[in-house]
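Spelled out from the first residue to the last, the chains are:
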Amino acid sequence: MDNNSQGSGGVRAGLGGLFGGGAPEYSNTELAGVPLTGMSPLSPYLNVDPRYLVQDTDEFILPTGANKTRGRFELAFFTIGGSCMTGAALGAVNGLRMGLKETRDMVWSKPRNVQILNMVTRQGASWANSLGSVALLYSAFGVAIEKARGAEDDINTVAAGTLTGMLFKSGSGLKGVARGGLVGLALSGAYALYNNWDHLAGSSSSSSSSSRLY
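This structure is a prediction, so every number in the text was calculated from the model and none was measured.

Rules used throughout
Residues numbered from 1 in each chain as written. Predicted model: local features only at pLDDT ≥ 70, side-chain atom pairs only at ≥ 80, totals over all residues. Heavy atoms only, no water. Helix = DSSP H or I, 4+ residues; strand = E, 2+ residues; numbered from the N terminus. Buried < 20%, exposed > 50% of the residue type's maximum accessible area, 1.4 Å probe, protein only. Polar contact = N/O pair within 3.5 Å; in protein donor to acceptor, adjacent residues only side chain to side chain. Contact = heavy atoms within 4.5 Å. Expected span 1.5 Å × (residues − 1). Axes fitted to C-alpha atoms, helices over the stretch in contact; angles between N-to-C directions. Parallel < 35°, antiparallel > 145°, perpendicular 65-115°, else oblique. Left-handed = near helix turned anticlockwise from the far one by under 90°. Nonpolar A, V, L, I, M, F, W, Y, C, P; charged D, E, K, R; others polar.

A. Expanded view of the side chain of Asn-156. Here Asn-156 is to be found in helix H5 (residues 154-168). Judged by relative accessible area, Asn-156 falls into the buried class, the value being 0%. In terms of polar contacts, Asn-156 uses its side chain to reach the side chain of Glu-152, at 3.5 Å. Discounting chain neighbours no more than four positions away, the residues touching Asn-156 are Arg-72, Ile-145, Glu-146, Arg-149 and Ala-151.

Structure, rendered in structure tokens:
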């Protein structure tokens, strides 16, 4: 009986050594001291230190020299594509509204359906072209300013938005350029303020609490 138990133990030890070293045998007394909650410094069930399995921060496998956040160049493709699709959807809705308004005196027939469909496709393409052009200019200015300054902050956003508005309305004369620049400045400034709202709110709350202490 003892020989059988010793033989089975030897087989287990041999298999353990074959797959990464033989695991030591633990008695019930030794296992009673292992905490059930949390991680012990060394698990008696695995030849692995559990501390390596606990990660306090997110870990990513990134190429050499890459950042954890996407830059303006990577976001440019999403911005341009999303703007085109948004413009197409808004233009289609506007074209449907215009088509129904212009053909309200006509009975429901094939000519009316064709006219409404033409209006939807025409407006959708026009709006998609306009918003896509704005997104392309904004992304190009943003990438160029980021490369020129060597920094990524809200100044790039505001400057790119202002230049985009000015160039987009450059065919309308000086007043159009000024009006487009103001619109771009307002929209990009509002976007930058929205992105930093939590930081501004936190700084204002901390300053108010410190003023109460004094």
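There is more to say after this.
B. Up close: helix H6 (residues 173-195). The end-to-end C-alpha distance of H6, which contains 23 residues, comes to 33 Å, matching closely the 33 Å that a straight helix rising 1.5 Å per residue would cover. Looking at the buried positions of H6, the neighbouring elements they touch are H5.

C. Here's a closer look at the packing of helix H3 (residues 72-102) against helix H4 (residues 110-149). Closest axis-to-axis distance for the H3/H4 pair is 6 Å, and the angle between their directions is 155 degrees. Comparing their axes, H4 and H3 come out roughly antiparallel. Judged by the twist between their axes, the crossing of H3 over H4 is right-handed. Classifying every residue of the contact of H3 with H4 gives 20 nonpolar, 14 polar and four charged.

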